[in-house]
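Spelled out, the chains give:
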Amino acid sequence: MESSPAPTGIGSPDLGGRTLKEAEPRNPRWWDLASDGTKRRRSRSHPDSAWNGSAAAAASGLPVGAEGRGFAEAMLPFTVNFKVSARTLTGALNAHNKAAVDWGWQGLIAYGCHSLVVVIDSNTAQTLQVLEKHKADVVKVKWARENYHHNIGSPYSLRLASADVNGKIIVWDVAAGVAQCEIQEHAKPIQDVQWLWNQDASRDLLLAIHPPNYIVLWNADTGTKLWKKSYADNILSFSFDPFDPSHLTLLTSEGIVFISDFSPAKPPSGPGKKVYISSPHSSPAHNKLAAATGAKKALNKVKILITQEKPSAEFITLNDCLQLAYLPSKRNHMLLLYPREILILDLEVNQTVGVIAIERTGVPFLQVIPCFQRDGLFCLHENGCITLRVRRSYNSIFTTSNEEPDPDPVQELTYDLRSQCDAIRVTKTVRPFSMVCCPINENAAALVVSDGRVMIWELKSAVCNRSSRNSSSGVSPLYSPVSFCGIPVGVLQNKLPDLSLDNMIGTGNGSVLVYHLTSGLLHKELSVHSCEVKGIEWTSLTGFLSFATSTPNNMGLVRNELQLVDLPTGRSIAFRGERGNDESPIEMIKVSHLKQYLAVVFKDKPLELWDVRTCTILREMSKNFPAVTALEWSPSHNLKSLRKKQLATREAMARQTVVSDTELSVVESSVISLLQEAESKSELSQNISAREHFVFTDNDGQVYHLTVEGNSVKDSARIPPDGSMGSITCIAWKGDTLVLGDMDGNLNFWDLKGRVSRGIPTHRSWVRKIRFAPGKGNQKLIAMYSDGAEVWDTKEVQMVSSLRSGRNVTFRILDVDWCTSDKVILASDDGCIRVLEMSMKSTCFRMDEQELTEPVWCPYLLIPRASLALKAFLLHQPWNGQYSLDISHVDYPENEEIKNLLQEQLNSLSNDIKKLLLDPEFTLLQRCLLVSRLYGDESELHFWTVAAHYLHSSSPRSPAVGEASPRDKVNNPLDICYDILCENAYFQKFQLERVNLQEVKRSTYDHTRKCTDQLLLLGQTDRAVQLLLETSADNQHYYCDSLKACLVTTVTSSGPSQSTIKLVATNMIANGKLAEGVQLLCLIDKAADACRYLQTYGEWNRAAWLAKVRLNSEECADVLKRWVDHLCSPQVNQKSKALLVLLSLGCFYSVAETLHSMRYFDRAALFVEACLKYGVIQVTEDTEKLISAIYADYARSLKNLGFKQGAVLFASKAGAAGSDLLKELESPKLERTEE
């Protein structure tokens, strides 16, 4: 074999001589890189030595185009850094992964793919993390909620819980890619899992359903079980009441179980209240009417849905409820999803108050997500279409939408279809799995498809509306395509050797996928064949050959497809022309090292040799030619001598490109133009054909050596079989080493120079493939077996690492290759492509070490101090008196690297958001709201939403032009999803409308009775009397109800009657009839006393409700303040809720005090600033003390973050309280100037 001098001027010894050529114009340029992925310096070396030496270029496995491309001298050195990080490219999902998807407040989407958990960024659709530790398919993933105050002690962190089919729950630190805690109870699939979000005290609690019928509360930090409770039926899922965390509802195989005493401290007592759902179809009313009036009207007549009795046998089979969920937009409402309708229940009367039905021809529902800010529903249909339905507003609620006048106008909760997205093409392998909605703004939904794609749809409002509102009509959703694609199983892959950054995969449906391995994104999907792709070989930087064979007919003959594909254009031509029908199947194709020749091996037909460049056949071997079991081209060739003349001309050409230091871009473009010229020349001079060799083995293990030059093929040597080897299955050749593998798992290493061979039995069964690593002098080799793979060092002839499918490795390997000189790439039967270090240990990576193609806004990835400092920087614009998003001039003493990371985060914000942050008209409150949305900080978002509303409406002076004045209060009320926090008038209006609807819907005496009770509490005595008089004479309550009606009509007449009624009411309450006593007190306008009794008996929510609907504002405020004291008490510890109640009462000074006592210094300081701006807190001696204490404490916390300028700013505002701190902050500056 010819050898050549080593290339000069190159630092890395094991260099993977990669040539380069500019890819398509819209792709980044692929620069030459060292195969170990490290930075290296490249200078131009002498053309004879660099990339033209036969052994140097060929040993590195590089196809030198059709010639060795030289670099000319006098080129300035420059460095390129290319890193292919170990990563997993995920493919199609498993059926178990159907419900395993969640969109966190952190702005990231996590979903399960087989036993992996994939985390993607919802804005740029990049994969940020793939978590590998589960041994079984993942069935649920849930992000931890961000409903707490963040500071150094409890920073912004990415916590995720994932649960699998074997009952294991893993809690992850996603940024570091490590499992914090593993939980195991039974070995059955987890049905549902949810983080508890309501406790101020603990954020580590995780509730899980362990089949068949246990709910278990875990501490997700330590993995300890806090309690376990079993129920009678199999539990399918559960839902927490968003308004009352002690209410939990379980959906079981038989019905619904309501639990009203859920608490983290102890398991619920008793079996809960069980109700049965009769399916809407089984209701007799439905059947009778269906013929007459169509589904919609018939459903209006379905009165009884929830019964305490067990339905008869034929009804049970029809319980096909797909999903149960509370409506977060209004209290005590729940939805039940069936394939063809959504039922809205009012839990106060256990009654259907709204139905959304699908017409007979419509597409059935799969899933529904109720919204928080509006009474809207995102619905996913079986064809992958997502629709948004929004409830019709109040003023039109009582008009019926039917064209013909309805004989009995039924009031309905009507949901109008506002927008929908395109459906997907549903096939056997492609169907919608599930949908998630962005929890922060609720204006985007992501659809996970079974082939591994994630589609993110955004609502775009037609009206320029507040970004958080998705209620504007005429919404046209926009599709943002997401760059993931599933890889159906049956994967073969081949690497592009000279662009180690592209990787190609053939799939079972005849398409070829090309990936960029630096970014892990799919570059192209090409449909090349009509049947399963069997193999791929690259023929140049931008072209490849792939072959596929159809299923054999009864004579064992097939249709062979061998296509030559041009990657930039996607053009594909039949390489063998008309040949290919009814012949023996192709076993393998091998392209020679210089990409000149192609050997095509058939099962029962002699070998064919082709010229790749002209697509012509050179030789078809004779009939008596031996059958080929394995074949490999030699890395040696005689190109060097043929190239002397061409090199001389090219050297002269390259000498003209002299560049100066500053013109790096010229260097880059000149290298590229040089190579393009060189390549085009080689294509012109195709009359030159270099001599190349290949070896192959026959069934007896004999090795043949043949030489090809032009169109002559010479047989040069035969080596008799090695007795220790079985039938040879594969050969690899690099430099002076030839390795053979056989059926029995033996590897035979031949040293061609020393003429010695060593046989090593691996005891691993059939060797399916062996491949040398790229890079000069790199003698590592990967071998693939039926049950795994091994990496060998052929110099030392010893194994480096091994991977075996089994207990720890859940996948089976289908194909292997090298990606760079130290990374291997595996294709596995779970449809994933794994790029691994040479040790072949699959590991998760740290998210901050990853090279992303697009910047991602995710402050959670910064270290805690940095993410909080960034937040302060955004909140206190204008910074130093000027608006800026450039953090470089801020005195921030952390190391430069962290500052750069902060700047990267700021740069990744969208232009719209940057514009808002830099807008001088943008008020402090709006800024706080925006930052809480950017950070996905749930507790801040709710705090500032309520604060902004009430500061605005109670402000004596309106600080900004065009903002609402107090009289707009009723026209623009706080959304009803805030329930008790809404204005009293709006709240009363909502309650009256609700009771109207309940009255219309009532079907039994029980329902009528509940309506009467509500009407009496709301003070609607006339309607209550009408309902009482409806009671029929044969009802046992007839007498009582009649007397009650008389009482209600006469009650206001005399003084003495009032005192009697009050006495009776107090006796009733004392004897356990609380509700009845409260009703009597409300009759005589003693609602304030009624509230006091309710609070005494622990009915705090009920008391607050009654106060808001019946009392004047002063009395109501007294009741709510008592509730605040109760919420702040240590045993309840719901101070964050108490804060919101205080805001709704306008007690802004108390809010500031409470915030300060809770040590929420940042929120307190910002809140005080906002109050002063709105003039709702006056600076007096008393208030000044608190204000300066808050500012001083906030300055201290900014100092701890290392944010000096911010600390100075607030220390100077704090006056006397901050003076010591101010001196301390300014003293280092003085020292520095003295020096």
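This structure is a prediction, so every number in the text was calculated from the model and none was measured.

A. Spatial organisation of the overall build of the protein. Of regular secondary structure, the protein possesses 25 helices and 59 strands. For the protein, buried positions account for 58% of its 1235 residues. Put simply, 55% of the contacts in the protein that link residues at least 6 apart link residues at least 24 apart. In the form shown here, the protein has an accessible surface area of approximately 50600 Å², with 51% of it arising from carbon and sulfur atoms.

B. Up close: the pattern of salt bridges. In total, this model carries 47 salt bridges according to the counting rule given. Notably, a salt bridge pairs aspartate 204 with arginine 159, separated by 2.8 Å at the nearest N-O pair. Within this pair, whereas aspartate 204 is found in the loop between strand 12 (192-195) and strand 13 (205-210), its partner arginine 159 is found in strand 9 (residues 159-164), the two being separated by 45 residues in sequence. Judged by relative accessible area, arginine 159 falls into the buried class, the value being 11%. Close ionic contact of glutamate 561 with arginine 559 constitutes a salt bridge, the shortest N to O distance being 3.0 Å. Classification of glutamate 561 as buried rests on a relative accessible area of 13%. Because the salt bridges share partners, they merge into one network encompassing Arg576, Arg579, Glu583, Lys605, Glu608 and Glu620.

C. Fine view of the sheet that holds strand 27 (residues 386-391). If you trace the 4 strands from one edge of the open sheet to the other, you get 25-26-27-28, paired in antiparallel fashion. The open sheet has two free edges, formed respectively by strand 25 (365-370) and strand 28 (415-420), since each of these has just one partner strand. Taken pair by pair, the neighbouring strands of this sheet meet at an average axis angle of 25 degrees, ignoring direction. As paired elements, strand 25 and strand 26 (residues 376-381) share 5 bridges and run antiparallel to each other. Residue pairing for strand 26: glutamine 367 is matched across the bridge by leucine 380.

D. Fine view of the side chain of lysine 590. Counting through the fold element by element, lysine 590 comes out in strand 41 (residues 586-591). Buried charge lysine 590 goes without a salt bridge, the closest partner of opposite sign being glutamate 632 at 4.3 Å. The contact partners of lysine 590, leaving out residues within four places of it in the chain, are Glu537, Tyr597, Leu598, Ala599, Leu631, Glu632 and Trp633.

E. Summary view of the sheet that holds strand 57 (residues 813-820). Taken in spatial order, the 4 strands of this open sheet run 3-59-58-57, and their pairing is antiparallel. Looking along the sheet, the strands with just one partner apiece sit at the ends: strand 3 (87-89) and strand 57. Within the sheet, the average angular offset between the axes of one strand and its neighbour, ignoring direction, is 20 degrees. Two strands pair when backbone bridges link them, and strand 3 and strand 59 (residues 833-837) are joined in this way by 3 bridges, in the antiparallel orientation. From the neighbouring strand, threonine 88 faces strand 59, where its bridge partner is arginine 834.

F. View of the packing of helix 23 (residues 1181-1200) against helix 24 (residues 1204-1213). Across the interface, helix 23 lies against helix 24 with an axial gap of 8 Å and an inter-helix angle of 165 degrees. Put simply, helix 23 runs roughly antiparallel to helix 24. As for how helix 23 packs across helix 24, the hand of that crossing is left-handed. Taking contact as the criterion, the partners of Tyr1191, Tyr1194, Ala1195, Leu1198 and Lys1199 in helix 23 are, on helix 24, Gly1206, Ala1207, Phe1210, Ala1211 and Lys1213. Classifying every residue of the contact of helix 23 with helix 24 gives 7 nonpolar, 1 polar and 2 charged.

G. Structural view of the packing of helix 9 (residues 924-935) against helix 22 (residues 1161-1174). In contact at an axis separation of 9 Å, helix 9 and helix 22 are set at 150 degrees when each is read in the N-to-C sense. As the angle between them shows, helix 9 and helix 22 are arranged roughly antiparallel. Across the interface between the two elements, Leu924, Leu925 and Cys928 of helix 9 pack against Leu1166, Glu1169, Ala1170, Lys1173 and Tyr1174 of helix 22. Residue classes in the contact of helix 9 with helix 22 are distributed as 6 nonpolar, no polar and 2 charged.

H. Spotlight on helix 7 (residues 896-907). The end-to-end C-alpha distance of helix 7 is 16 Å, a good match for the 16 Å that 12 residues give at a rise of 1.5 Å each. Within helix 7, burial applies to Ile898, Lys899, Leu902, Gln903, Gln905 and Leu906. With its buried residues spanning 155 degrees around the axis, helix 7 presents them on a single face. Relative to its buried face, helix 7 has exposed residues pointing more than 90 degrees away, namely Glu896 and Glu897. Buried residues along helix 7 sit in contact with helix 6 (864-875) and helix 8 (911-917).

I. Seen up close, the confidence of the model for the protein. Counting all residues, the mean pLDDT for the protein is 76, and 77% of those residues have values of 70 or more. Taken together, the stretch residues 281-304 has pLDDT below 50 and engages in 37 contacts with residues farther than four places along the chain or on a different chain. Counting contacts from residues 395-410, a segment whose pLDDT is below 50, to residues more than four positions away or on other chains yields 15 contacts.

J. Region of interest: the nonpolar core. Formed by 173 residues in total, the largest nonpolar core has its most connected members in Phe943, Leu1106 and Phe1167. No other element matches helix 22, which puts 9 residues into this core.

K. Looking closely at the pairing of strand 47 (residues 703-709). The element strand 47 is extensively covered by neighbouring structure, given that 5 of its 7 residues are classed as buried. Note that strand 46 (residues 692-697) and strand 47 share 6 bridges and pair antiparallel. Each bridged residue has a counterpart across the sheet, and for phenylalanine 696 the counterpart in strand 47 is tyrosine 704. Where strand 46 hands over to strand 47, the hairpin turn is made up of 5 residues, of which glycine 701 adopts a positive phi near 90 degrees. For strand 47 and strand 48 (residues 712-719), the ladder comprises 7 bridges, and the chain directions are antiparallel.

L. Region of the structure containing unusual backbone geometry. Here the amide bond leading from proline 211 into proline 212 is cis, since omega sits at -5 degrees, within 30 degrees of zero. You can see proline 212 is positioned in the loop between strand 13 and strand 14 (214-219). Located in the positive-phi region is glutamate 442, a residue other than glycine, with phi close to 55 degrees. The exposure class assigned to glutamate 442 is buried, which follows from its relative accessible area of 6%. Despite not being glycine, methionine 840 has its phi angle at roughly 60 degrees, a positive value. Within the element layout of this structure, methionine 840 appears in the loop between strand 59 and helix 6.

M. A look at the packing of aromatic side chains. Counted according to the given criterion, the structure contains 20 aromatic pairs. Aromatic pair phenylalanine 238 and phenylalanine 240: ring centres 6.0 Å apart, planes at 80 degrees, arrangement edge-to-face. A relative accessible area of 12% places phenylalanine 240 in the buried class. Measuring from ring centre to ring centre gives 5.6 Å for phenylalanine 372 and tyrosine 978, while their planes differ by 80 degrees; the resulting arrangement is edge-to-face. A residue pair is termed long-range when its members are at least 10 positions apart, and phenylalanine 372 in the loop between strand 25 and strand 26 and tyrosine 978 in the loop between helix 10 (938-953) and helix 11 (984-1001) qualify at 606 residues. Within the aromatic cluster, the residues linked to one another by ring pairs are Tyr597, Phe625, Trp633, Phe694, Phe696 and Tyr704. For lysine 228, the ring lying beneath its charged end belongs to tyrosine 214, and the centroid distance is 4.2 Å. Stacked on the ring of tyrosine 1191, the Lys or Arg lysine 1213 has its end atom at 5.7 Å from the ring centre.

About the cut-offs
- Residues numbered from 1 in each chain as written.
- Predicted model: local features only at pLDDT ≥ 70, side-chain atom pairs only at ≥ 80, totals over all residues.
- Heavy atoms only, no water.
- Helix = DSSP H or I, 4+ residues; strand = E, 2+ residues; numbered from the N terminus.
- Buried < 20%, exposed > 50% of the residue type's maximum accessible area, 1.4 Å probe, protein only.
- Contact = heavy atoms within 4.5 Å.
- Areas by Shrake-Rupley, 256 points an atom, 1.4 Å probe, with all protein chains shown as cover.
- Salt bridge = Lys/Arg side-chain N within 4 Å of Asp/Glu carboxyl O.
- Pairing = 2+ DSSP bridges.
- Axes fitted to C-alpha atoms, helices over the stretch in contact; angles between N-to-C directions.
- Lys, Arg positive; Asp, Glu negative; His and termini not counted.
- Parallel < 35°, antiparallel > 145°, perpendicular 65-115°, else oblique.
- Left-handed = near helix turned anticlockwise from the far one by under 90°.
- Nonpolar A, V, L, I, M, F, W, Y, C, P; charged D, E, K, R; others polar.
- Expected span 1.5 Å × (residues − 1).
- Arc of directions from axis to C-beta.
- pLDDT = per-residue confidence, 0-100.
- Core = buried A, V, L, I, M, F, W, Y, C linked by side-chain atoms within 4.5 Å.
- Phe/Tyr/Trp six-rings, centres within 6.5 Å; stacked < 30°, edge-to-face > 60°.
- Lys NZ or Arg CZ within 6 Å of the ring centre and 35° of its normal.

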